[in-house]
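# Overview (structure and organization)
This is what each chain is made of:
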Amino acid sequence: MSKQKTENSPAGDYRYETLARQIIQLIQQGTFRPGERIPSVRQMSKQQAVSISTVMQAYLILENEGLIEARPQSGYFVRAFTDIKLPELEISAPSLDPSHVNLHELVMMVMNDSANPNLAQLGAAMPNLELLPTERINRIMSRLARKAGKGTHQYHFESGLEELRVQIAQRAVSSGCQLSPNDIVITAGATEAINLCLHAVCRPGDIVAVESPMYFGTLQIIEVHGLRALEIPTNPRDGISLGALQFAIEHNPIKAVLTISNFSNPTGSFIPDEKKKELVELLARHDIPLIDNDVSGEIFFTEKRPMVTKAFDQKGLVMLCSSFSKDISPSLRVGWVAPGRYKAEIEWLKFTLSSATATLPQMAIAEFLESGGYDHHLRRLRREYAGKVAQLYDAVTRTFPPGTRVTHPSGGYVLWVQLPENVDSLELYSLALQGGITLTPGYLFSPTNQFYNFIRLNAAAWSYPIMGALERLGDMIVELAGRGRA
């Protein structure tokens, strides 16, 4: 690299050092914020009238100092640069006994508040509508409705639209899974898929092992079916404890296991591929079905898509569920399940309970996938959500009081936050409502109230105007923590 100095650089500075210092100043003054992309190497070279090698050297300095990070096929992004690093959460420690679920009143209260446009929405795990391909999907649906005419109003019984099942089977290859279109049943979202799976393998009173914490929508399905949930200790980084699950299987007649193995809601945990294999093999030895919800599997911030548990299934016991609600449209209600040996039962239940999934949304999503538009959209979505998660993490770190712990997920768009021990999340929820803010209290994610001082925050809709609401929430947490100490 040339050692030539810039004309107006301080004595002793090389061009790349001057450029690096300029970018650091822009980061510190907030021009480039945590999670945001900085100009590409080529753009910066043109803007600053310096060589590409000079920019590369400057970016290397910033990477070594931990200020920026390179993301494959996306460019360079500002990392969270706060001096304070909150500790991550420890593995959960639920009760060893199965419990009946009784959360529906609290869930409905929170869901009603999450629909209030007058509240700052910090909790509901809704995707960011501004980042979804709404206009593209609307155009496809409009054209299909005109072209196909009455055909868009016909039932597609049992398995669903073949064109969509073909596309899903093709995409499954990237997750290590070999599926045929005939292995798949289209459902009204992942919620119906999980509902059908539990209906197929359990009866009222049966015990279902679940990650702890577990998404409250899944707990609601367990409640509706009159099942008992057995919470299994779960690490917020790498998922369910296989040792604890083995112990639970040996001491309880478990009929099914429920997981979100890729970017769990609410923890964002990710079960490594080798551990997924061990999980599937453990359940296979005991002939226990695994119901795995992969609804966030495509929203990853790493170099490649994580594998699914179904990739290791040799006995047809893995019932893989997913949907397009988080990355295309929540309102279209198009999901699917690959139920393995339970396919005939699932098809019968689907026909009996809801007949069929709406045809036009299936056709539109199938075309969107086939055109390549989905992959292009996902690349942008991953980049945006990675930035928003980093920004929210940085904001929580700077505004919440000592004693706070927070997850740092590598996919999805939610953060799981542990508050100081004497802060009750329901009391905080009530106080936040008075201040025009809603969040999701930890009580919803366990039938045994063990997460009373936890909250879930949604990064999908994060923007700096929301920062004021988060700062007010931080002040409320400080206030509640102070009351407890008094």
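Coordinates for the structure precede this section.
Residues numbered from 1 in each chain as written. Predicted model: local features only at pLDDT ≥ 70, side-chain atom pairs only at ≥ 80, totals over all residues. Heavy atoms only, no water.

Scanning the chain from N- to C-terminus turns up 15 helices and 17 strands. Here the C-alpha radius of gyration of the chain, 24 Å, is about what a compact globule of 486 residues would show, namely 23 Å. Along the first, second and third principal axes, the C-alpha atoms of the chain reach 80 × 65 × 45 Å. Classification of the 486 residues of the chain by burial places 57% in the buried group. Taking contacts inside the chain between residues at least 6 apart in sequence as the whole, the part at least 24 apart equals 75%. Looking at the chain as shown, the accessible area adds up to about 21100 Å², and 50% of this sits on carbon and sulfur atoms. The average position of the 47 basic charges and that of the 50 acidic charges among the side chains of the chain differ by 7 Å. (Helix = DSSP H or I, 4+ residues; strand = E, 2+ residues; numbered from the N terminus. Rg over C-alpha atoms; globule rule 2.2 N^0.38 Å. Buried < 20%, exposed > 50% of the residue type's maximum accessible area, 1.4 Å probe, protein only. Contact = heavy atoms within 4.5 Å. Areas by Shrake-Rupley, 256 points an atom, 1.4 Å probe, with all protein chains shown as cover. Lys, Arg positive; Asp, Glu negative; His and termini not counted. Charge placed at Lys NZ, Arg CZ, Asp CG, Glu CD.)

To continue, consider helix α5 (residues 134-148). Under the 1.5 Å per step criterion, the end-to-end length of α5 is 21 Å for 15 residues, consistent within 8% with the ideal 21 Å. Along α5, the positions that sit buried rather than exposed are Ile137, Ile140, Met141 and Leu144. Buried residues in α5, looked at end-on, bunch into an arc of 100 degrees, giving them a common side. What points out from α5, more than 90 degrees from its buried face, is the exposed set Glu135, Arg139 and Arg146. Phi for glycine 149, located one or two positions after α5, is positive at around 60 degrees. (Expected span 1.5 Å × (residues − 1). Arc of directions from axis to C-beta.)

The four strands are arranged β13-β14-β17-β16 in an open sheet whose pairing can be described as antiparallel. Lying at the two open borders of the sheet, with one neighbouring strand each, are β13 (405-406) and β16 (440-441). Of the pairings in the sheet, the one linking β16 to strand β17 (residues 454-458) comprises two bridges and is antiparallel in character. Counted as the bridge partner of proline 441 is isoleucine 455 from β17. (Pairing = 2+ DSSP bridges.)

Take empty space enclosed by the protein next. Applying the stated criterion across every chain, the model contains one cavity of 30 Å³ or more. Lining the largest cavity are 20 residues, with Arg171, Glu298, Arg305, Ser322 and Trp336 sitting closest to its centre. Elements that contribute at least two residues to the lining of the largest cavity include exactly α6 (162-172) and β11 (318-323). Class assignment for the residues of the lining of the largest cavity results in nine nonpolar, six polar and five charged. (1 Å grid on protein atoms, 1.4 Å probe; cavity = no way out; pocket = protein on both sides within 12 Å on 5 of 7 lines; lining within 4 Å. Points joined across faces, edges and corners; volume = space filled by probe spheres on them. Nonpolar A, V, L, I, M, F, W, Y, C, P; charged D, E, K, R; others polar.)

Once that is clear, we can look at the layout of surface pockets. Of the pockets and cavities examined, the largest pocket occupies roughly 750 Å³. In terms of residues, the lining of the largest pocket owes the most to one element, helix α8 (residues 216-224), which gives six residues. Class assignment for the residues of the lining of the largest pocket results in 20 nonpolar, 12 polar and three charged.

Turning next to unusual backbone geometry. A cis amide bond links serine 212 to the next residue, proline 213, at an omega of 10 degrees. You can see proline 213 is positioned in the loop between β6 (207-212) and α8. The phi torsion at serine 355 lies on the positive side, around 65 degrees, for a residue other than glycine. Checked against the element boundaries, serine 355 lands in the loop between α11 (343-354) and α12 (359-370). Even without a glycine there, the phi angle at asparagine 449 is positive, about 60 degrees.

Bringing the environment of arginine 379 into the picture now. Turning to its location among the elements, arginine 379 is positioned in helix α13 (residues 373-399). The exposure class of arginine 379 is partly exposed, given its relative accessible area of 41%. Separated by 65 residues in the primary sequence, arginine 379 and glutamine 314 have C-alpha atoms spaced 32 Å apart.

One full turn of an α-helix is made of 3.6 residues, so residues set three or four places apart face in the same direction. Among the residues of α6, Leu164, Arg165, Gln167, Ile168, Ala169, Arg171 and Ala172 are the ones counted as buried. On its buried face, α6 is in contact with β5 (185-187), β12 (335-338), α12 and α13.

Attention now goes to the pattern of salt bridges. Scanning all chains against the criterion turns up 16 salt bridges. Here aspartate 287 and arginine 341 are joined by a salt bridge, their closest N and O atoms 3.5 Å apart. Residue aspartate 287 is found in the loop between α10 (273-286) and β10 (290-293), and its partner arginine 341 is found in the loop between β12 and α11; the two are separated by 54 residues along the sequence. Residue aspartate 287 is classed as partly exposed on the basis of its relative accessible area of 40%. Through salt bridges that share partners, Arg171, Asp294, Glu298, Arg305, Asp375 and Arg382 make up one connected network. (Salt bridge = Lys/Arg side-chain N within 4 Å of Asp/Glu carboxyl O.)

Our next topic: the packing of aromatic side chains. Two descriptors summarise a pair of aromatic rings, namely the distance from one centre to the other and the angle between the planes of the rings. Inspection of the entire model under this criterion finds 11 aromatic pairs. Plain terms: the ring middles of phenylalanine 216 and phenylalanine 445 are 5.6 Å apart, the flat faces sit at 70 degrees to each other, and that makes the pair edge-to-face. One end of the pair, phenylalanine 216, is in helix α8; the other, phenylalanine 445, is in the loop between β16 and β17, with 229 residues separating them in the sequence. One exposure class covers both phenylalanine 216 and phenylalanine 445, and it is buried. On the basis of an interplanar angle of 25 degrees and a centroid distance of 5.0 Å, the ring pair of tryptophan 416 and phenylalanine 454 is categorised as stacked. Residue tryptophan 416 is found in strand β14 (residues 414-418), and its partner phenylalanine 454 is found in strand β17; the two are separated by 38 residues along the sequence. By relative accessible area, phenylalanine 454 is classed as buried at 7%. Members of the aromatic cluster, each reached through a chain of ring pairs, are Tyr215, Phe216, Trp416, Phe445, Phe451 and Phe454. (Phe/Tyr/Trp six-rings, centres within 6.5 Å; stacked < 30°, edge-to-face > 60°.)

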